[in-house]
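Coordinate inspection notes
Each chain, written out:
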Amino acid sequence: MKKTVISTTKAPSAIGPYSQAIQVGNLLYTSGQIPIDPATGAFAEGGIQEQTRQSLLNVKAILEEAGLTMANVIKTTVYMADMNDFAAMNAIYSEFFSEPYPARSAVAVKTLPKGALVEIEVVASSE
């Protein structure tokens, strides 16, 4: 099995022993993206909507580095600090995807890295 590391400066650098994304065959697996603006190294200012937008912009940048787009995403996992933010997150999320929508899991977790409100990971296919 050949694993190819995908890395871009247009998304936050990995802050631990992991890669921004790994490509195996026609599948790309991203690490969870928190709402860090790669230009400033700080969280996107605002609440869940601004943080969701930045997390998805980070995902988009990684996909683009691999020659893919959001249309290539087949599965997403959205981790939220508070499930009461679901509707607000979903409003922004829906701006990034069109039909046929990817499969999705959305879960509330106790805490996220650096106190983020949201973290998003995706699986994409080049087929």
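The structure contained in this document is the topic of the report that follows. (Residues numbered from 1 in each chain as written. Predicted model: local features only at pLDDT ≥ 70, side-chain atom pairs only at ≥ 80, totals over all residues. Heavy atoms only, no water.)

So, the overall build of the chain
Scanning the chain for helices and strands turns up two helices and six strands. In terms of C-alpha radius of gyration, the chain reaches 14 Å, essentially the compact-globule figure of 14 Å for 127 residues. Seen along its three principal axes, the alpha-carbon backbone of the chain occupies a region of about 40 × 30 × 25 Å. The buried share of the chain, reckoned over its 127 residues, is 41%. The contacts of the chain with a sequence gap of at least 6 include a subset with a gap of at least 24, amounting to 67%. Split by element, the accessible area of the chain, about 6800 Å² in all, is 51% carbon and sulfur. (Helix = DSSP H or I, 4+ residues; strand = E, 2+ residues; numbered from the N terminus. Rg over C-alpha atoms; globule rule 2.2 N^0.38 Å. Buried < 20%, exposed > 50% of the residue type's maximum accessible area, 1.4 Å probe, protein only. Contact = heavy atoms within 4.5 Å. Areas by Shrake-Rupley, 256 points an atom, 1.4 Å probe, with all protein chains shown as cover.)

What about the layout of surface pockets?
One number sums up the size of the largest pocket: a volume of about 160 Å³. Around the largest pocket, the lining residues are Pro12, Ser13, Ala14, Ile15, Tyr18, Gln20, Gly32, Gln33, Ile34, Ile36, Pro113 and Glu119. Classifying every residue of the lining of the largest pocket gives seven nonpolar, four polar and one charged. (1 Å grid on protein atoms, 1.4 Å probe; cavity = no way out; pocket = protein on both sides within 12 Å on 5 of 7 lines; lining within 4 Å. Points joined across faces, edges and corners; volume = space filled by probe spheres on them. Nonpolar A, V, L, I, M, F, W, Y, C, P; charged D, E, K, R; others polar.)

Side note on the side chain of Gln23
Mapped onto the elements, Gln23 comes out in strand β2 (residues 21-24). Of the residues examined, Gln23 reaches a relative accessible area of 16% and is grouped as buried. The residues touching Gln23, leaving out its near neighbours within four places in the chain, are Lys2, Lys3, Thr4, Ile6, Leu28 and Ala66.

What about the pattern of salt bridges?
Two side chains with opposite charge may pair up if their charged atoms get near one another. On inspection of all chains with the given rule, the structure shows one salt bridge. Linking Glu95 and Arg53 is a salt bridge whose minimum nitrogen-to-oxygen distance equals 3.1 Å. With Glu95 in helix α2 (residues 86-96) and Arg53 in helix α1 (residues 48-65), this pair connects stretches of sequence that are 42 residues apart. (Salt bridge = Lys/Arg side-chain N within 4 Å of Asp/Glu carboxyl O.)

A word on the packing of aromatic side chains
Evaluated as defined, the whole model comprises one aromatic pair. Arg104 extends its terminal NZ or CZ atom over the ring of Tyr93, reaching a point 4.5 Å from the ring centre. (Phe/Tyr/Trp six-rings, centres within 6.5 Å; stacked < 30°, edge-to-face > 60°. Lys NZ or Arg CZ within 6 Å of the ring centre and 35° of its normal.)

A closer look at the pairing of strand β5 (residues 103-108)
Relative to β5, strand β4 (residues 73-80) runs parallel, the two being bridged by six bridges. Pairing of Met80 across the sheet is with Ala108, part of β5. Where the polypeptide runs from β4 across α2 and back to β5, its parallel neighbour, the crossover connection is right-handed. (Pairing = 2+ DSSP bridges. Right-handed = clockwise from strand over helix to strand, strands pointing away.)

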